Amino acid sequence: MAQKINTEISEIVDSILADYEDDRIVNKIDINNQPDKKAIIDIIEKLLKILFPGYYSDKVYKIYSLRNNMAATIEDVIYHLKKQIVIVLKYSNDGEDEETLEEHAQHIALELMRKIPDIRKVLETDVQAAYDGDPAAASKDEVIYSYPGLYAIAVYRVAHELCLLKVPMIPRIMTEHAHSITGIDIHPGATIGKYFFIDHGTGIVIGETTVIGEHVKMYQGVTLGGLSTRGGQSLSGVKRHPTIGNNVTIYSGASILGGETVIGDDVTVGGNTFIVNSVENGTRVSAKMQELKFSNHKA
């Protein structure tokens, strides 16, 4: 019996290895030249320690050693991020040699770290928006510690900066990691202003070319998407997702679609609405209430 199983396993192994022999994309097994998702996730966790040092830092750190500990964390992030950037730059390499790629990646990693103070200033507004916008928030500490929306926004803000620095793949790996944890899908290419608040958040989708203004509040299940993806890669770089103005509230289950769709300032979008046309400033949009039917199951 054991010999028969071993024979069958050997045949299966041979069959699968034979299937690896062509040049299909699923057969790419050059591990050393692929980004390391675990390393990128570790970078995210270390970046959160830098962005929110009083919340994510190791408890063994003492205040008098903050500078040394933070310097070590920053150096670690730069080193490992540079390694990952070198790998992904090869996907868009215009003939740069290895030394030039290393220098380019080092420059990008340093530029991201120089952006940290600016990212933290914007995140402070996001924390404030969550606290001001949610009567269930007992404190700003609670927002930082426990709100999935803030986690997704924080990861997005870092990933977006890497997008602006023309880094392939890594920004998407970062935001998809946040997506897997929170259920909130923010494409790193989207442009999102200050004081952004996601309440609850599960099921939110924000597409690549979405533009969102300041003081925008969004509830669970909202989609800011494209009208159609039938064009496939021919739509790459085209504005496919909506523009949302300032001081806008979008309630749960709303879908706002299309690159030419503009939601003006001071608009309230009601739950379960489906919008493919622009909305003027100061408008309140709602879906007509469905007729409810009640019946006695005992009758």
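Before reading on, note that the structure itself is shown above.
In this text, all values refer to a predicted model and were calculated from it rather than measured experimentally.

Calculation rules
Residues numbered from 1 in each chain as written. Predicted model: local features only at pLDDT ≥ 70, side-chain atom pairs only at ≥ 80, totals over all residues. Heavy atoms only, no water. Helix = DSSP H or I, 4+ residues; strand = E, 2+ residues; numbered from the N terminus. Buried < 20%, exposed > 50% of the residue type's maximum accessible area, 1.4 Å probe, protein only. Salt bridge = Lys/Arg side-chain N within 4 Å of Asp/Glu carboxyl O. Pairing = 2+ DSSP bridges. Phe/Tyr/Trp six-rings, centres within 6.5 Å; stacked < 30°, edge-to-face > 60°. Contact = heavy atoms within 4.5 Å. Expected span 1.5 Å × (residues − 1).

Caption draft 1: Spotlight on unusual backbone geometry. One non-glycine residue, H200, lies in positive phi territory at about 65 degrees. In this fold, H200 is placed in the loop between strand 3 (197-198) and strand 4 (205-206). Exposure remark for H200: the relative accessible area of 52% places this residue in the exposed category. In the Ramachandran plot, N247 falls in the positive-phi region, its phi being about 55 degrees despite a non-glycine side chain. Classification of N247 as partly exposed rests on a relative accessible area of 38%.

Caption draft 2: Layout of the pattern of salt bridges. Overall, the coordinates contain 8 salt bridges when judged by the stated rule. Residue R157 pairs with D126 through a salt bridge whose shortest N-O separation is 2.9 Å. One end of the pair, R157, is in helix 8 (residues 148-164); the other, D126, is in helix 6 (residues 116-133), and 31 residues separate them in sequence. We note that R157, like D126, is buried. In this structure, E208 and R240 form a salt bridge, with 2.8 Å as the shortest nitrogen-oxygen distance. Residue E208 is located in the loop between strand 4 and strand 5 (211-212), and its partner R240 is located in the loop between strand 7 (223-225) and strand 8 (243-244); the two are separated by 32 residues in the primary sequence.

Caption draft 3: Representation of the sheet that holds strand 10 (residues 255-257) within the structure. Here 5 strands make up an open sheet; going across it, the order is 1-4-7-10-13 and the pairing parallel. Edge positions in the open sheet fall to strand 1 (185-186) and strand 13 (274-275), since each of these has one partner strand only. Strand direction decides the pairing type here: strand 7 and strand 10, joined by 3 bridges, are parallel. Bridge pairing in strand 10 places G225 opposite L257.

Caption draft 4: A look at the packing of aromatic side chains. Going through the model one piece at a time under the given rule, you end up with 1 aromatic pair. Ring centres of Y219 and Y251 lie 4.9 Å apart, and the angle between their planes is 15 degrees; on these two criteria the pair is classed as stacked. A residue pair is termed long-range when its members are at least 10 positions apart, and Y219 in the loop between strand 6 (217-218) and strand 7 and Y251 in the loop between strand 9 (249-250) and strand 10 qualify at 32 residues. Take Y219: its relative accessible area is 14%, and that puts it in the buried class. Residue Y251 is classed as partly exposed on the basis of its relative accessible area of 36%.

Caption draft 5: Expanded view of the side chain of H177. Relative to the assigned elements, H177 resides in helix 9 (residues 170-182). H177 gets classed as buried once you look at its relative accessible area, which sits at 15%. Each residue touching H177, except ones within four places of it in the same chain, is listed here: I41, I44, E45 and Y151.

Caption draft 6: Structural detail: the environment of I173. With respect to the element layout, I173 can be found in helix 9. In this structure, the C-alpha to C-alpha distance between I173 and Y91, residues 82 residues apart in sequence, is 15 Å. With near-sequence residues (within four places) excluded, I173 lies in contact with P35, K37 and I40.

Caption draft 7: Geometry of the sheet that holds strand 12 (residues 268-269). The strand order 3-6-9-12-14 describes an open sheet built from 5 strands, whose pairing is parallel. This sheet does not close on itself; its edge strands, each paired only once, are strand 3 and strand 14 (284-285). By the bridge criterion, 2 bridges tie strand 3 to strand 6 in an arrangement that is parallel. Following the sheet pairing, I198 is matched in strand 6 by M218.

Caption draft 8: Main features of helix 6. Compared with an ideal rise of 1.5 Å per residue, which puts 18 residues at 26 Å, helix 6 spans 25 Å between its outermost C-alpha atoms and is within 8% of the ideal. All of the buried residues in helix 6 are I116, I119, L123, T125, D126, V127, A129, A130 and G133. The inward-facing, buried residues of helix 6 contact helix 2 (37-51), helix 5 (98-114), helix 7 (140-146), helix 8, strand 3 and strand 6.

Remember that the coordinates give geometry; whether it matters functionally is a separate question.
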